[in-house]
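Breakdown of the fold
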Amino acid sequence: MVARTDTTLKKSLTEKLAILADAAKYDASCASSGATRANNAGGLGSTEGMGICHSYTPDGRCVSLLKILLTNHCVYDCRYCVNRSSSDTPRARFTVDEVVTLTMEFYRRNYIEGLFLSSGIIRDSDYTMEQVTSVAKTLRERENFKGYIHLKTIPGASHELVTRAGLYADRLSVNIELPTLGDLERLAPEKKRDEIEGAMQSIKIRRDENKNDLAKGLSSTPAFAPAGQSTQMIIGATGTADREILATTTHLYKTHRLRRVYYSAFSPIPHADSRLPGQSPPLVREHRLYQADWLLRFYGFEATELTSDQSPNLDLDIDPKLAWALRNRGQFPIDVNLASRELLLRVPGIGERGVKRILQTRRYHAIRDEDLAGLGIVVKKARAFITTVDRVCEPLSLDSDSLVRRLRPKQKHSQLSLFDAVEGFA
Ligand code: SF4
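1. Some points on the site of the ligand
Around the ligand, the neighbouring residues are C74, Y76, C78, C81, R84, G120, I121 and K191. Across the shell around the ligand, the residue classes break down as five nonpolar, one polar and two charged.

2. Concerning the packing of aromatic side chains
Scanning all chains against the criterion turns up seven aromatic pairs. With a centroid separation of 5.5 Å and 70° between ring planes, the pair formed by F106 and Y111 is classed as edge-to-face. Of the two residues, F106 and Y111, neither departs from the other in class, the shared state being buried. Here the aromatic rings of F332 and F385 are separated by 5.1 Å at their centres, their planes lie at 75°, and the arrangement is edge-to-face. Taken together, the residues span a long stretch of sequence, with F332 in the loop between α10 (320–327) and β8 (334–335) and F385 in the loop between α13 (379–382) and β9 (386–387) at a distance of 53 residues. As far as the burial class goes, F332 and F385 line up, both buried. Here the aromatic residues F301, W324, F332 and F385 are joined through ring pairs into a cluster of three or more.

3. A word on the packing of helix α7 (residues 242–256) against helix α8 (residues 283–298)
For the pair α7 and α8, interaxial distance at closest approach is 11 Å and the crossing angle is 40°. Taken together, the axes of α7 and α8 lie oblique to each other. When the axes of α7 and α8 are compared, the crossing they make is right-handed. Contacts between α7 and α8 involve D242, I245, L246, T249, T250 and Y253 from the former and R285, L289, A292, D293, L296 and R297 from the latter. Looking at the contact of α7 with α8, its residues break down into six nonpolar, two polar and four charged.

Quick notes on the rules
Residues numbered from 1 in each chain as written. Predicted model: local features only at pLDDT ≥ 70, side-chain atom pairs only at ≥ 80, totals over all residues. Heavy atoms only, no water. Near = heavy atom within 4 Å. Nonpolar A, V, L, I, M, F, W, Y, C, P; charged D, E, K, R; others polar. Phe/Tyr/Trp six-rings, centres within 6.5 Å; stacked < 30°, edge-to-face > 60°. Buried < 20%, exposed > 50% of the residue type's maximum accessible area, 1.4 Å probe, protein only. Helix = DSSP H or I, 4+ residues; strand = E, 2+ residues; numbered from the N terminus. Axes fitted to C-alpha atoms, helices over the stretch in contact; angles between N-to-C directions. Parallel < 35°, antiparallel > 145°, perpendicular 65-115°, else oblique. Left-handed = near helix turned anticlockwise from the far one by under 90°. Contact = heavy atoms within 4.5 Å.

Structural data, given as structure tokens:
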């Protein structure tokens, strides 16, 4: 047997990296975008954009992560997945040490600040979870790695393994995969909703225990997944409407206290099952779901307010807050000098920061029309819905059909990113 040279090893790792970084790009539960960096030093691996994504830490810092799968071999056959067992996609598998080496090499070269690691299911859930956890354990204990680690939790893995993973990872995530139980049974019958939610619940319980221990002053308590847990939901692989998607989202936030639900528009895959649609949903649908999600988490909206039985999908042309306001014109106009924080948050064109500034300013003087722009309010959008001390709403302007026309953006369905969706939403 001929021993492999360093060059062979490097090539082999690079090839694996190409396959396993590409396979990981379908996971949206760490927000991603490509990044290129030259490898002038002839070091191990070349990023060439492969596997580098950006994510946000709980304190708002943007970090670059190496985003890869441990393997894209999988014993499951989820219909929507390019790595399903019946797919003829090229396969690869890293060893635990290879992932550790890549992470440390990329980290030392300043390409990344952390690792996002997921995996196809090898043998069974426990075996896979054990392997994924070993990477994090080795990085923390042997390499003294202090960077960010996001581990994908494998549904069905034992509580003990999930608990161990949380001691090494900053964030854990378990993919809910599809919005409803019916969708899951149809497209991923080997995945069980109770196992997925069981894993989420294990993480929640362990995080609560950890918080209680820290509150009791047990300072030696090791942190458990301090950046919380998140999940990913594929949208547009079935005909499930946004109303049901947002109901599931609400359930996940309330029951398992997730930090984030990520929405990933279904992308067609080669040799797809006939039950799958031939094309992706418009990207703007993903964007509208992120905006609706934001309204649920920070603006006091209930999922049931954002759609109706008659219109179960979000309007693609206008944002969900404006759509809600136009459906509920009877609640407007509101007086910015008197309205509660909760009501102000419901005005199109007024974001969280704008509300804060309104509340601060009106302690000192009544807000006039000319003050609005300086308070960070999108005046063109908000004008029809508010009154100030020197301007009442134009008579009947809220009822006019031209209001809808005026407020609809001229450019429809432009390319949008997750970051557009979550920043400065008003
Ligand atoms: S378990 Fe994950 S990797 Fe395996 S087929 Fe299903 S979605 Fe793909």
